[in-house]
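# Examination of the molecular architecture
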Amino acid sequence: MVKYLSKAEKVFSLVLISIVILTSWYLVNRFIVDNSDLIPAVGGIHTEGIVGRAQYLNPVLSATNSADRDISHLVFSGLTKFNPHTGLIEDDIATSEISNDNLTYTFEILPDALWHDGKPVTADDVVYTYRDVLQHESFQQTAIGQSFRDVTITKRDEKLVEFRLSKPYSFFLANVTIGLLPKHVLSILATENISKSEFNTSPIGSGPYVFSSWVQNSDTAEITLRRNETYYGSLPKLETVIFKAFPDEQSLYLAENTLTGFRVSDSEVTKEFFGESRRLEQYPYQLPQYSALFLNTESDILSSKKVRFALLLATDKEEILEKVGEADIVDTPILESKGNLDIEFSLERSMGAFFDTEWNLPSKVKEEINDEADGEGGPTEEKLIADATELTFFLSAIADTWITLRVDGLTKPSFLMKKGDTKEYTANSNLTFSTIGNAAGLSITVNGIALKSLGASGVVLRGLVLDKSTLGPYLLDQQVQEQSEEEIPEEITEEVPVEDIEEEAPLQPELSPDENISDEVIVDEDEPAVVEDEIVEEQPVITDPEPEEIDQIRVNSEGKRLIVRLVTAQEPEIFLKVAEAVKSQWLKAGAKVVIETYTLPDLQQKIQERDYDILLFGQNLGYNLDAFPFWHSSQAETGLNLSNYKSLEADNLLVAIRNTFDERTKDQFLNKLKRVIAEDTPAVFLYNPTHYYALDSYVKNVQLDALSSHSDRLTDLMYWYMREDYRLKEGFSFSLLFSWMFGL
């Protein structure tokens, strides 16, 4: 007899069967998960925000453009590459071998290395890149080209290339990290025309990512790269990388919600982005670099090693770090060599160091001259004036007054000095006031010595000549003859020599050559603002001390004041803050700093001409920490030796370091070099800033270790991932299911 299930029983049975199926599915899935490893999976889009305008996606032309470097880093491959985890230079697209005499480097291209268009990478491409382009006389990136001077490059077969050096160079492997160029694409062009090629905006490389597109908007650009499926190395996990280029940091920060990664340079912005509620994680890192005050050793004042050392001791680096933010103090350009150099800030020691120089505080000069005058029976102030090789007149208006004057016979246009205005003039012969509209409206010092009032209020003086022979009656401290203000004539008489001056025309308000001229600034949306008319740069630099500074600034026996020009860039703004701090610190030691800031193109011109006493700038020592380009005398004048530093002992050590392959011996040379540079003080080394990289927490397996450049943050991008998948463990079997179930 067949028994049919009731409706309720059918429902119950279906529910029971569903529970069994779902439970079985859960247990099997749980069993598989527990016996699997979670591994990175291919996929995901990384959007990198960068500041600047990409121009040349070409590894040999990207040295001066950070946007170009970042992108080229992923599109091209070099013979070697920098490993940020070990800090070593390792093989990349080729294997390397070094001869016993350390003069011959042989590279064999990997057999599966292909260009993005499918063509094989060969020895011809290596020879073309390093010999035909980098060694060509028309190649404009001279710093890169110099790395291959006196290097013979020879093709041995289709995959084998030999580099023969004229002398041992232990850092050579770092030079061939430069990306290779495809000869079959570019050899039809003359070397000097490579910079004009469409290749620079639609490149073909051999790196882990293939160029896909470049979309240019009004002020931003979007450059897309795709995963290289034929890459010779480990294939990247991220399928697409998009670079979004912004004109400035502010624009980038406003668009941060559209980005998965970007650099952060401002410490305050860093706090904003990395708050607890933010999606971004911070990755701090430092580079082998330093910011420093490069002291031009060919400057009249800074040619003295004692003066340079005194200024070093007057620099409070701890105070500067408070303005910079996260950073480490740097005392030497030899970053791999640590040790106490006994050069800590000490204003007292700085004063002592100045004691052995020609520069003394005004009060000290007066004491010395007073001692001499006491022995000779002469007036102290008159002797100071008489011994001076030139007279520096500092004019300060205590009331509004019109002035017409001549300096060494050269007539200046009439101008109005308003109350509080100051002017400075230096004369070899004399300063002649053709007209002073209000004799009592002007306060004058000569070589730091105050003069008496020139006359009563409202009195107009004409034809007043001030030189060594006529200044005596006006000196406040002169001891031979005391005159009250009433005895100084309201108009110059025969007692004071005057020049034969014609009657002046009525005073008119004219622009003095010493007034600042406002230039028209032409701004291009794609370029930094530059000054169209460069009249301002051609004018003499105004170095007028403030009235309260006069008694603080050191003078020498010739009456010259210790005033130095500090030149730096307008961007980043932190440079100006550091310059202002140095100005304040050095004034306490008796040195006045005049700050000049320039756009980067103008600053590069100043650097090329070495037109500065002091340059506040930064230097990056690169992958090999080679100090030769920055401190060898051969690099002075026109190279990267920004201090024009010349030392035979330092030169010998720099060459020895390059030629030495034994690390222990090299360390000994580095320690000696560190002390030689410290003793000569060609620069005041300040700090190494901490940088931050902001990255979406969704991106995994990110490590920023010993980076050498900002672009190195992308070296490991091929190992980053956003997606994950499960892979069964080795030895997995469903026969273990029941034992696993009973083990729960």
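The text that follows walks through the structure, step by step, so that each part is easy to find. (Residues numbered from 1 in each chain as written. Predicted model: local features only at pLDDT ≥ 70, side-chain atom pairs only at ≥ 80, totals over all residues. Heavy atoms only, no water.)

### As for empty space enclosed by the protein
Heads up, the rule is: Only protein atoms enter the 1 Å grid used here, on which a cavity is any set of points holding a 1.4 Å probe that cannot leave and a pocket is any open set flanked by protein within 12 Å on both sides along at least five of seven lines; residues with an atom within 4 Å of a point are listed as lining. Grid points are joined across faces, edges and corners, and a volume is the space filled by probe spheres set on the points. For this classification, the nonpolar set comprises Ala, Val, Leu, Ile, Met, Phe, Trp, Tyr, Cys and Pro, the charged set comprises Asp, Glu, Lys and Arg, and every other residue, Gly included, is treated as polar.
For the coordinates displayed, the defined rule picks out three cavities of 30 Å³ or more. Roughly 60 Å³ of volume is contained in the second largest cavity. Residue lining of the second largest cavity: Leu312, Lys317, Asp331, Ile343, Ile677, Ala678, Thr681, Pro682, Ala683 and Phe685, and that is the complete set. Of the residues contributing to the lining of the second largest cavity, the split by class is seven nonpolar, one polar and two charged.

### Examining helix α10 (residues 317–324)
To keep it simple, the criterion reads: Buried, partly exposed and exposed residues are distinguished by accessible area as a fraction of the type maximum, computed with a 1.4 Å probe on protein chains only: under 20%, between the cut-offs, and over 50%, respectively. Counting from the N terminus, the helices are the DSSP runs of H or I reaching at least four residues and the strands are the DSSP runs of E reaching at least two. Directions are taken from the helix axis to each C-beta atom, and the arc is the one they span. Whenever a nitrogen or oxygen atom comes within 3.5 Å of another N or O atom, the pair is scored as a polar contact, on the condition that within protein one atom can donate a hydrogen and the other can accept it, and that pairs from neighbouring residues in sequence are kept only if both atoms are in side chains.
All of the buried residues along α10 are Lys317, Ile320, Leu321 and Val324. The buried residues of α10 occupy an angular sector of 105 degrees when the element is viewed end-on, so they sit on one face. Pointing more than 90 degrees away from the buried face of α10 are the exposed residues Glu318 and Glu322. Backbone nitrogen of glutamate 318 and a side-chain oxygen of the N-cap are separated by 3.2 Å at the start of α10; the cap is aspartate 316.

### Some words on the sheet that holds strand β11 (residues 240–246)
Where we set the bar: Should DSSP find at least two bridges between two strands, the strands are regarded as paired. All axes here are fitted lines through C-alpha atoms, helices being fitted over the stretch that makes contact, and every angle between N-to-C directions spans 0 to 180 degrees.
Pairing is mixed across the open sheet formed by seven strands, whose spatial order is β9-β10-β11-β2-β12-β31-β13. Edge positions in the open sheet fall to β9 (209–216) and β13 (280–285), since each of these has one partner strand only. Direction aside, the axes of adjacent strands within the sheet are offset by 25 degrees on average. Here β9 pairs with strand β10 (residues 221–227) via seven bridges, running antiparallel. Bridging across to β10, glutamine 216 finds its partner in alanine 221.

### A look at the nonpolar core
Defined as follows: Only buried residues count toward a nonpolar core. Its members are Ala, Val, Leu, Ile, Met, Phe, Trp, Tyr and Cys residues joined through side-chain atoms within 4.5 Å. We call two residues in contact when some of their heavy atoms are within 4.5 Å.
Among the nonpolar cores identified, the biggest contains 139 residues, and Leu79, Tyr130, Phe163, Trp586 and Trp631 are the most heavily contacted of them. With seven residues, helix α15 (residues 574–589) is the largest single contributor of residues to this core. With residues up to four places along the chain from it excluded, the contact list for tryptophan 586 reads Leu293, Leu295, Leu311, Ala314, Thr315, Ala591, Val593, Ile614 and Val684.

### Focus: the pairing of strand β31 (residues 691–696)
A large share of β31 lies buried, amounting to six of its six residues. Here six bridges tie β13 to β31, and the two strands are oriented antiparallel to one another. Of the residues in β31, the one forming a bridge with leucine 280 is aspartate 696.

### Quick look at the packing of aromatic side chains
Definition in use: Under the pairing criterion, centres of Phe, Tyr and Trp rings, with the six-membered ring standing for Trp, must be within 6.5 Å; the plane angle then separates stacked pairs below 30 degrees from edge-to-face pairs above 60, leaving the rest tilted. Definition used: whenever NZ (Lys) or CZ (Arg) falls within 6 Å of the ring centre and also within 35 degrees of the ring normal, the charge is taken to sit over that ring.
On inspection of all chains with the given rule, the structure shows 16 aromatic pairs. Between tyrosine 253 and phenylalanine 262 the ring centres are 6.5 Å apart and the planes differ by 55 degrees, which places this aromatic pair in the tilted class. With a centroid separation of 6.2 Å and 75 degrees between ring planes, the pair formed by tryptophan 631 and tyrosine 645 is classed as edge-to-face. Of this pair, tryptophan 631 sits in helix α17 (residues 628–631) while tyrosine 645 sits in the loop between α17 and α18 (648–659), and the two are 14 residues apart along the sequence. You can call tryptophan 631 buried: its relative accessible area is 1%. Tyrosine 645 gets classed as buried once you look at its relative accessible area, which sits at 3%. Between arginine 658 and the ring centre of phenylalanine 628, over which it is positioned, the NZ or CZ distance is 4.0 Å.

### Quick look at a negative patch on the surface
Heads up, the rule is: Patch members must show over 30% relative accessible area and no salt bridge, and they are joined within 9 Å when carrying like charges or within 5 Å when they are nonpolar side chains of Val, Leu, Ile, Met, Phe, Trp or Tyr. Areas reported as accessible are Shrake-Rupley estimates using a 1.4 Å probe. Residue values count occlusion only from the protein chains shown. Salt bridges are defined by distance alone: a side-chain nitrogen of Lys or Arg within 4 Å of a carboxyl oxygen of Asp or Glu. Charged-residue counts in this description rest on Lys and Arg as positive and Asp and Glu as negative, His and the chain ends being excluded. Positions of charges follow a simple convention, taking NZ of Lys, CZ of Arg, CG of Asp or CD of Glu.
On the surface, a cluster of negative charge is contributed by Asp219, Asp248, Glu249, Glu571 and Glu573. With respect to the element layout, aspartate 219 can be found in the loop between β9 and β10. Using a relative accessible area of 45% as the deciding quantity, one classes aspartate 219 as partly exposed.

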